[in-house]
Amino acid sequence: MELKRRLEWLNKLVEPEVVAIHAEVADVRDVEIVAKNAKIIEDFGAVPGIATHEPGLTIEWVERENVPVEVILAPLNKAGYAMEPSPEKTLEAVSKSTRKIIAIKPLAAGRLNPREAFEFVYRYVDSAAVGVTSEDEMRETYAAAMEAYRKLRGSP
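Since this is a predicted model, take the numbers as computed values, not measurements.

1. Examining the overall build of the protein chain
The number of helices and strands found in the protein chain is 7 helices and 5 strands. Counting from the amino terminus, helix and strand elements in the protein chain follow one another as α-β-α-α-β-α-β-α-β-α-β-α. Burial status across the protein chain gives 39% buried among its 156 residues. For the protein chain, long-range pairs separated by at least 24 residues make up 68% of all intrachain contacts whose partners lie at least 6 apart in sequence. Surface accessibility of the protein chain: about 9100 Å² in total, with carbon and sulfur atoms responsible for 49%. Each charge class in the protein chain was averaged separately, 21 positive and 26 negative side chains, and the resulting centres sit 2 Å apart.

2. Observations regarding the sheet that holds strand β3 (residues 71–75)
The 5 strands lie next to each other as β1-β2-β3-β4-β5, forming an open sheet whose pairing is parallel. Each of the sheet's edge strands pairs with one partner strand only, and the pair in question is β1 (18–21) and β5 (127–129). Going across the sheet, the axis of each strand differs from the next one's by a mean of 30 degrees, ignoring polarity. Pairing analysis gives 4 bridges linking β1 to strand β2 (residues 47–51), with the strands arranged parallel. Residue pairing across strands places V18 opposite V47, the latter belonging to β2. Most of the contacts of helix α4 (residues 55–65) go to β3, to which it runs at about 165 degrees, and overall it touches β2, β3 and β4 (100–104).

3. So, helix α7 (residues 135–153)
Compared with an ideal rise of 1.5 Å per residue, which puts 19 residues at 27 Å, α7 spans 26 Å between its outermost C-alpha atoms and is within 8% of the ideal. What α7 keeps buried is the set T141, A144, A145, M146, A148 and Y149. Considering only its buried residues, α7 is in contact with α6 (114–121). Looking one or two residues beyond α7, the residue adopting positive phi is G154, at roughly 90 degrees.

4. As for the packing of α4 against helix α5 (residues 87–96)
One can describe the packing of α4 onto α5 by two numbers: an axis separation of 8 Å at closest approach and a directional angle of 25 degrees. The angle between α4 and α5 places the two elements in the roughly parallel class. Judged by the sense of rotation from one axis to the other, the crossing of α4 with α5 is left-handed. Two secondary-structure elements touch here, α4 through P55, G56, L57, I59, E60 and E63 and α5 through K89, T90, A93, V94 and K96. Residues of the contact of α4 with α5, tallied by class, amount to 5 nonpolar, 2 polar and 4 charged.

5. So, the environment of E65
Looking at where E65 falls in the secondary structure, it is placed in helix α4. Here the alpha-carbon distance between E65 and D30, two residues 35 residues apart in the chain, equals 9.8 Å.

6. Observations regarding the layout of surface pockets
Approximately 280 Å³ is the volume found for the largest pocket. Along the walls of the largest pocket sit 15 residues, with L3, R6, A20, I21 and H22 positioned nearest its centre. Looking at the lining of the largest pocket, the element that brings in the most residues is helix α1 (residues 3–11), giving 5 residues. Residue composition of the lining of the largest pocket, grouped by class: 10 nonpolar, 2 polar and 3 charged. In this model, the second largest pocket occupies a volume close to 190 Å³.

Criteria and thresholds
- Within each chain, residue numbers correspond to sequence positions counted from 1 in written order.
- Where local features are concerned, this predicted model is filtered to residues with pLDDT of at least 70; where side-chain atom pairs are given and counted, the filter is 80 or more; whole-chain, interface and lining totals use all residues.
- Side-chain numbers here rest on the full set of heavy atoms in the structure, without hydrogens or water.
- Helix numbering and strand numbering both begin at the N terminus, where a helix is a DSSP run of H or I of at least 4 residues and a strand a DSSP run of E of at least 2.
- Only protein chains enter the accessibility calculation, which uses a 1.4 Å probe; a residue whose area is less than 20% of its type maximum is buried, one above 50% is exposed, and one in between is partly exposed.
- Only heavy atoms enter the contact rule, under which two residues are in contact if any of them lie within 4.5 Å.
- Areas reported here follow the Shrake-Rupley algorithm with a probe of radius 1.4 Å; residue values treat only the protein chains shown as occluding.
- We count Lys and Arg on the positive side and Asp and Glu on the negative side, and we leave His and both chain ends out.
- Think of each charge as sitting on NZ of Lys, CZ of Arg, CG of Asp or CD of Glu.
- Two strands pair under a simple rule: DSSP has to find at least two bridges between them.
- Comment: axis = line fitted to C-alpha atoms, over the contacting stretch for helices; angle = value between 0 and 180 degrees taken between N-to-C directions.
- Helix span, expected: 1.5 Å multiplied by one less than the number of residues in the helix.
- Small angles under 35 degrees read as roughly parallel and large ones over 145 as roughly antiparallel, with 65 to 115 read as roughly perpendicular and the rest as oblique.
- Left-handed describes a crossing whose near helix is turned anticlockwise from the far helix by less than a right angle; the clockwise case is right-handed.
- Basically, the charged four are Asp, Glu, Lys and Arg, the nonpolar ten are Ala, Val, Leu, Ile, Met, Phe, Trp, Tyr, Cys and Pro, and anything else, Gly included, counts as polar.
- Using a 1 Å grid laid over the protein atoms alone, points where a 1.4 Å probe fits but cannot get out form a cavity; open sets with protein on both sides within 12 Å along at least 5 of 7 lines form a pocket; any residue with an atom within 4 Å of a point counts as lining.
- Grid points are joined across faces, edges and corners, and a volume is the space filled by probe spheres set on the points.

So, in C-alpha cells, the structure goes:
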C-alpha cells in the first residue's frame with residue numbers, strides 16, 4: 001500500500017500531527033526517497049519525520065544533507081541498547097542535531113527502571129515514546145517520566 005493511501009486510511013482513525021517514515025526506508029539514507037515521502041506527509045497536513053535504527057549514522061546524514069524532516073525517532077537509553085553504530089556516536093549525533101528528537105527504546109527493552117531511564121533520556125531530548133502492556137505499567141512509566149522531566153527541566 002503506497003504512503004498516500006496509508007495516510008488516508010489512518011486519517012479515518014485519527015488526525016496525526018507527526019508522521020515518521022519507517023527506519024527501513026530512512027536508514028537507506030537516500031535523500032530523494034525521504035524527501036518524496038516527506039512531501040507526501042507534509043501535503044497530508046502532518047509534520048514529516050523519520051525513524052532510525054542507526055541513529056549515530058542517520059541523524060548525522062539528516063543534518064549533513066539537510067534532509068527535509070523536522071522530527072527523528074531514535075533509540076536512546078542509558079544501556080546503549082540499539083544505539084547503532086555505538087552509544088557514543090549516537091549521543092554525539094543527538095547533541096548536534098537541529099531536529100526534534102524523540103527517544104525510542106528509552107527503557108532498553110525492559111532493562112532499565114523508568115526513573116533511571118527518563119533521568120538519562122531527558123538530559124538529551126525533550127520527548128520519549130514507550131510501549132506499555134498494562135495500566136499499572138503505564139501509570140508507573142508516566143509518573144517516572146514526569147518526575148524526571150520536572151527534575152531536569154522544570155514544569156512541562
